[in-house]
Amino acid sequence: MELFFIGTGGGRINLLRRLRSTGGFRINGSLNIHVDPGPGALADGMRRHQDPLKLDAVIVTHHHIDHCNDAALMVEGMSHFGLKKGGILIGSKYVIEGNEKGDRGVDLYHQSLCDEVFTANPGKKKDFESKKGKFSLECIKAVHDSADAFGFKLKMDGKTIGYTSDTEFYKGMIDNYIGCDVLIVNTLKPSEDPYEGHMTAAQARDLIGKAGPKLAILNHLGMKMIMGKSKIIAKEMEDETGVKTIAATDGMRVQL
Ligand SMILES: [Zn+2]
């Protein structure tokens, strides 16, 4: 199994200026899963041989455009150009069911192309299965300015992958992410520049040190994290926590 990082940028500047892609990442194992397909998921993914036609599942953790913009395109791929119903779509309540005004992250037409559509709620656990394989998903609370955002622990092929999605650090978060082989932490900001609804490097370090994954990956990096700093920050974290920590880069592949 491998993780493939298509786009590792976070924040408004990356979103529009494309210093880094915002295409999300893939978990490629017995099933292929695309997580948070923001802008670039298709274009940057194809450039890096991450074919949406080979997808089995798409997970959209919240309705922000940098996480859901290309979700319908991924569903087009998963359903073979929309010609053959197939695949699993998992999303937050806002993404799947919409808000009170009817706004939603993935339109009903594209939802109808999937074999299975699941609305995630923190605390919910579910097993998913297709002809090729299976995985289980435990949805985890996120505190973010998009209603119903969630993180998760996903088990497949004997490995547990944790992903915080966008969230600020909250009481109980560490316990939620214990037991991961890999923990992907969306770390938008350096320690000295906190921002509501997101994690700073210092908070990521506390989470990683106490949750104790075998490997930690800093992802969804904002401009101040990218400008020459993220590798240094990851190395400092590793020295402080004793947990192997790497800062994700676009096109990075991690074998598990
Ligand atoms: Zn967000």
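For the structure, check the block above.
Residues numbered from 1 in each chain as written. Predicted model: local features only at pLDDT ≥ 70, side-chain atom pairs only at ≥ 80, totals over all residues. Heavy atoms only, no water.

## Some thoughts on the overall build of the protein
Link 1 in the chain: The secondary structure content of the protein amounts to ten helices and 14 strands.
Link 2 in the chain: Taken over C-alpha atoms, the radius of gyration comes to 17 Å for the protein, in line with the 18 Å a tight globule of 256 residues would show.
Link 3 in the chain: With the C-alpha coordinates aligned to their principal axes, the bounding extent of the protein is approximately 50 × 40 × 35 Å.
Link 4 in the chain: Taken over 256 residues, the protein has a buried fraction of 57%.
Link 5 in the chain: For the protein, restricting intrachain contacts to residue pairs at least 6 apart in sequence, the fraction spanning at least 24 positions comes to 61%.
Link 6 in the chain: For the protein, the computed accessible surface area is about 11,000 Å², with 51% contributed by carbon and sulfur atoms. (Helix = DSSP H or I, 4+ residues; strand = E, 2+ residues; numbered from the N terminus. Rg over C-alpha atoms; globule rule 2.2 N^0.38 Å. Buried < 20%, exposed > 50% of the residue type's maximum accessible area, 1.4 Å probe, protein only. Contact = heavy atoms within 4.5 Å. Areas by Shrake-Rupley, 256 points an atom, 1.4 Å probe, with all protein chains shown as cover.)

## Observations regarding the sheet that holds strand 9 (residues 150–156)
Link 1 in the chain: Ordered by their spatial adjacency, seven strands build an open sheet running 7-8-9-10-11-12-13, and the pairing between neighbours is mixed. Since the sheet does not close on itself, it has two edges, and those belong to strand 7 (125–129) and strand 13 (244–247), each with one partner. Geometrically, the sheet is characterised by an average inter-axis angle of 20° between neighbouring strands, direction not taken into account.
Link 2 in the chain: Across five bridges, the pairing between strand 11 (residues 182–186) and strand 12 (residues 215–219) is parallel. Considered in strand 12, the bridge of N186 is made with N219.
Link 3 in the chain: Most of the contacts of helix 8 (residues 201–211) go to strand 11, to which it runs at about 165°, and overall it touches strand 11, strand 12 and strand 13. (Pairing = 2+ DSSP bridges. Axes fitted to C-alpha atoms, helices over the stretch in contact; angles between N-to-C directions.)

## A word on the coordination of the zinc ion
Link 1 in the chain: The protein atoms donating to the zinc ion are H62 (NE2), H64 (ND1), H144 (NE2) and D166 (OD), with metal-donor distances spanning 2.2 to 2.4 Å.
Link 2 in the chain: In this structure, the zinc ion is surrounded by four donor atoms whose angles at the metal cover 89 to 168°, and the resulting shape is irregular.
Link 3 in the chain: Donor residues for the zinc ion, ordered by position in the chain, follow H-x1-H-x79-H-x21-D. Highlighted residues: H62 in the loop between strand 4 (57–60) and helix 3 (65–68) and H144 in the loop between strand 8 (134–141) and strand 9, separated in sequence by 82 residues.
Link 4 in the chain: With relative accessibility at 0%, the residue H62 sits in the buried group. (Donors = N, O, S within 2.8 Å, 3.2 Å for Na, K, Ca; no water. Tetrahedral: all angles 85-135°; square planar, octahedral: opposite > 155°, others 65-115°.)

## Points about the pattern of salt bridges
Link 1 in the chain: A full pass over the atoms with the stated rule returns twelve salt bridges.
Link 2 in the chain: With a closest N to O distance of 3.2 Å, R47 and D44 form a salt bridge. Here the residue R47 and the residue D44 both occupy positions in helix 2 (residues 43–47), the gap between them amounting to three residues, near one helical turn.
Link 3 in the chain: R47 sits in the exposed class, given a relative accessible area of 54%.
Link 4 in the chain: Classification of D44 as buried rests on a relative accessible area of 15%. (Salt bridge = Lys/Arg side-chain N within 4 Å of Asp/Glu carboxyl O.)

## Some details on the environment of I59
Link 1 in the chain: Position of I59 relative to the elements: it lies in strand 4.
Link 2 in the chain: Remark: the alpha-carbon pair of I59 and A120, spanning 61 residues in sequence, is separated by 9.5 Å.
Link 3 in the chain: Not counting residues within four places of it along the chain, the set of residues in contact with I59 comprises I33, H34, V35, D36, P37, I90, L137, F150, F152 and L154.

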